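Here's the letter readout for the chains.
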Amino acid sequence: MKDNANFTEGSIVRPLIGFALPVLLALCLQSLYGAVDLLVVGQFGTAADVSAVATGSQMMHMVTVVITRLAMGTTILLGQAMGGRKEKLAGEIMGSSICFFLLVAVGVTVLMLGIAEQYL
């Protein structure tokens, strides 16, 4: 397999699986992290503790999935620009996505801190 995967020529199945596998693995690890938390708290905590961990795990999983989907959208735009050999547009997409994700990070942080007490 070549060092540089080209999604515009030849079969797309192998490079696409190689590209998507790390994302799927990260999402599975996020789910397993929540399951392990539940198992440990279930052994030593009360029903209220288990409920709190389950609710927190669901919230973190939701945030992770939303951010992952946004990142996939950025990747699609970047892939289209790179496939069309539009390096200047690709640079603009990268700069915009960095600014966008910085704003998303600040917004999610403020939102989570703002609703933490009510959520808990």
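Our subject is the structure that appears above.
Residues numbered from 1 in each chain as written. Predicted model: local features only at pLDDT ≥ 70, side-chain atom pairs only at ≥ 80, totals over all residues. Heavy atoms only, no water.

**What about the overall build of the protein?**
In terms of regular secondary structure, the protein is built from 3 helices and 0 strands. Along the chain direction, N to C, the helices and strands of the protein fall in the order α-α-α. In summary, the protein has a C-alpha radius of gyration of 19 Å against a globular reference of 14 Å for 120 residues, an excess of more than 25%. Seen along its three principal axes, the alpha-carbon backbone of the protein occupies a region of about 55 × 35 × 15 Å. Partitioning the contacts of the protein with sequence separation of at least 6, the portion at a separation of at least 24 is 53%. (Helix = DSSP H or I, 4+ residues; strand = E, 2+ residues; numbered from the N terminus. Rg over C-alpha atoms; globule rule 2.2 N^0.38 Å. Contact = heavy atoms within 4.5 Å.)

**Examining the packing of helix α2 (residues 47-83) against helix α3 (residues 87-119)**
At their nearest, the axes of α2 and α3 sit 10 Å apart, and the two run at 170 degrees to each other. The pairing of α2 with α3 is recorded here as roughly antiparallel in orientation. Considering only residue class, the contact of α2 with α3 consists of 21 nonpolar, 4 polar and no charged. (Axes fitted to C-alpha atoms, helices over the stretch in contact; angles between N-to-C directions. Parallel < 35°, antiparallel > 145°, perpendicular 65-115°, else oblique. Nonpolar A, V, L, I, M, F, W, Y, C, P; charged D, E, K, R; others polar.)

**Topic: the packing of aromatic side chains**
Taken as a whole and judged by the stated rule, the model has 1 aromatic pair. Judged by centre distance (5.4 Å) and plane angle (75 degrees), the ring pair of F100 and F101 falls under edge-to-face. Assessed through its relative accessible area of 39%, F100 is described here as partly exposed. Among the residues examined, F101 registers a relative accessible area of 23% and is labelled partly exposed. (Phe/Tyr/Trp six-rings, centres within 6.5 Å; stacked < 30°, edge-to-face > 60°. Buried < 20%, exposed > 50% of the residue type's maximum accessible area, 1.4 Å probe, protein only.)

**Things to note about the environment of V41**
With respect to the element layout, V41 can be found in helix α1 (residues 13-44). Note on V41: relative accessible area 22%, which makes it partly exposed. Through-space distance from the C-alpha of V41 to that of V65 is 24 Å; in sequence the pair is 24 residues apart. Not counting residues up to four positions away in its chain, the partners in contact with V41 are D49, V50 and V53.

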